[in-house]
Amino acid sequence: MSLRNEFAISKITMQSKSNPDFGKIEFTQSKRAKNINVRILKDGLRVALPRRATEADAMRFIDSVRERIIRKQEKLKKSEGENNLLLHENSRLQTLTFAVEIRRTERENVHFRMKNAVLTIEFPQTADCEDEKMQAVFWNGINYFLRKEAKRVLPERVRILAGENGFSYAQVKIRSSKSRWGSCSRGKNINLSFYLMLLPQHLVDYVILHELCHTKEMNHSPKFWQWMDKTTNGKAKILRTELKNQPLQPPQRGGF
Ligand SMILES: [Zn+2]
């Protein structure tokens, strides 16, 4: 018997049952299936049964690979949280300095146009917008503009916040890091991810202040948090929580 994420077969839905461990289980009978096929979804299972197999057979199989299924479902739920930047037709994404709009048109290729702080992405009628490759094309284009805009506005914002709060630093570099929003070296060089452009202004400022406070304290000690509170009107911990709860949060690897 096989356990797969995908299967394409002609099938008739028999019935679905709700299961406390796996969610909704939908059974289908398939003439073409030679084995019991289980497609794992984040909130359920789709089970294709070959002609002679029964639901009880399927449940026995499912129970025998229970741990694997649960692990896979957890992974799917997690990746959904990370991947909530899936762009749909007509979806509108607001970045710090421009909006992104996606439209289906008569064009044969994907086309990007930036005008009046709106990046319009047009894609062909025939394309599957949610296809992984199409999403990659969209994001390549969007990232180009995110980086360009980040280079235009973030170093200036660092300069202003440093001036207002009496910090000094060496240089600001714009990176493409997805694992951390920013970092600060011992030489007081500040690195910022261009993905910051996907956050609202007050959280961008929080990240910049976080890195600027590292020019005083190269750790996350109580002294560091005193600096943070001083520069955020006592809101450091609230802002930290807000940043952590951002749906656009890049996967964390230390950092904040
Ligand atoms: Zn830090």
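Residues numbered from 1 in each chain as written. Predicted model: local features only at pLDDT ≥ 70, side-chain atom pairs only at ≥ 80, totals over all residues.

Asks: Would you mind going over the nonpolar core with me for this structure?
Replies: In summary, soluble globular proteins display a tendency toward joint burial of nonpolar side chains. Ranked by size, the top nonpolar core spans 34 residues in total, and within it A150, L154, F194, L196 and M197 carry the most contacts. For this core, the secondary structure elements donating two or more residues are strand 7 (99-105), strand 9 (118-124), helix 3 (132-165), strand 10 (172-175), strand 12 (190-193), helix 4 (201-213) and helix 5 (222-231). It is helix 4 that contributes the most residues to this core, 7 residues altogether. Ignoring anything within four residues of it in the chain, the contact list for L196 reads A150, L154, W181, V204 and V207. In this structure, A33, V38, I40 and A58 belong to the second largest nonpolar core, which totals 14 residues. (Core = buried A, V, L, I, M, F, W, Y, C linked by C-beta atoms within 7 Å. Buried ≥ 20, exposed ≤ 12 C-beta atoms within 10 Å, placed from the backbone. Helix = DSSP H or I, 4+ residues; strand = E, 2+ residues; numbered from the N terminus. Contact = placed C-beta atoms within 7 Å.)

Asks: Before we go on, may I ask you to explain the packing of helix 4 against helix 5 in this structure?
Replies: Each pair of packed helices gets described by two things: the angle between the helix axes and the distance between those axes. Interhelical geometry of helix 4 versus helix 5 gives an angle of 135° and a closest axis separation of 9 Å. Comparing their axes, helix 5 and helix 4 come out oblique. As helix 4 runs across helix 5, the sense of the crossing is right-handed. Two secondary-structure elements touch here, helix 4 through L209, H210 and C213 and helix 5 through F224, W227, M228 and T231. Classifying every residue of the contact of helix 4 with helix 5 by side-chain character gives 5 nonpolar, 2 polar and no charged. (Axes fitted to C-alpha atoms, helices over the stretch in contact; angles between N-to-C directions. Parallel < 35°, antiparallel > 145°, perpendicular 65-115°, else oblique. Left-handed = near helix turned anticlockwise from the far one by under 90°. Nonpolar A, V, L, I, M, F, W, Y, C, P; charged D, E, K, R; others polar.)

Asks: For this particular structure, what's the right way to read the sheet that holds strand 10?
Replies: Consider a sheet: its strands pair through backbone hydrogen bonds, and that pairing is either parallel or antiparallel. With mixed pairing, the 3 strands of this open sheet are ordered in space as 10-12-11. The two strands at the open ends of the sheet, each matched to only one other strand, are strand 10 and strand 11 (182-184). Within the sheet, the average angular offset between the axes of one strand and its neighbour, ignoring direction, is 15°. Where strand 11 and strand 12 come together, 3 bridges link them in antiparallel fashion. In the sheet register, S183 faces strand 12, and the bridge partner there is N191. Along the sheet face, helix 3 touches strand 10 and strand 12 and points at about 150° away from the line of strand 10. (Pairing = 2+ DSSP bridges.)

Asks: Is there a simple way to think about the sheet that holds strand 9 in this case?
Replies: Spatial strand order, 6-7-9-8: 4 strands in an open sheet with mixed pairing. With one partner strand each, in any of the chains shown, strand 6 (92-94) and strand 8 (111-115) form the two edges of the open sheet. Going across the sheet, the axis of each strand differs from the next one's by a mean of 20°, ignoring polarity. In this sheet, strand 7 lies alongside strand 6 in antiparallel orientation, the contact comprising 3 bridges. Opposite R92, over in strand 7, you have E101 as the bridge partner. This element, helix 3, spans strand 7, strand 8 and strand 9 of the sheet and lies at about 155° to strand 9.

Asks: What exactly am I supposed to notice about the pairing of strand 4 (residues 37-41) here?
Replies: Where strand 4 lies against strand 5 (residues 44-49), 5 bridges are found, and the strand directions are antiparallel. Across the sheet, V38 pairs through a bridge with V47, a residue of strand 5. Taken together, strand 4 and the strand that follows it, strand 5, pair antiparallel across an intervening segment of 2 residues.

Asks: It is not clear to me how unusual backbone geometry should be interpreted in this structure. Could you clarify?
Replies: Leave glycine aside and you will find that most residues have negative phi; peptide bonds, for their part, are mostly trans. You will see that N116, though not glycine, has its phi angle at about 50°, which is positive. The exposure class assigned to N116 is exposed, which follows from the 7 C-beta atoms found within 10 Å. The phi dihedral of N233 is positive, around 55°, even though this residue is not glycine. You can see N233 is positioned in the loop between helix 5 and helix 6 (236-244). C-beta crowding within 10 Å serves as the criterion here: with 8 such atoms nearby, N233 is assigned to the exposed category.

Asks: Explain the confidence of the model for the chain here, please?
Replies: Parts of the prediction with low pLDDT should not have their coordinates interpreted in detail. Per-residue pLDDT for the chain has a mean of 86; in total, 88% of the residues score no lower than 70. Segment residues 1-11 is flagged for pLDDT under 50; beyond a separation of four residues in sequence, or across chains, it makes 27 contacts in the model. This stretch, residues 251-256, has a pLDDT under 50; its non-local contacts, to residues over four places away or in other chains, come to 10 contacts. (pLDDT = per-residue confidence, 0-100.)

Asks: Please explain the environment of F224 as it appears in this structure.
Replies: Positionally, F224 belongs in helix 5. Along the chain, F224 and H214 lie 10 residues apart, while their C-alpha atoms are 7.3 Å from each other.

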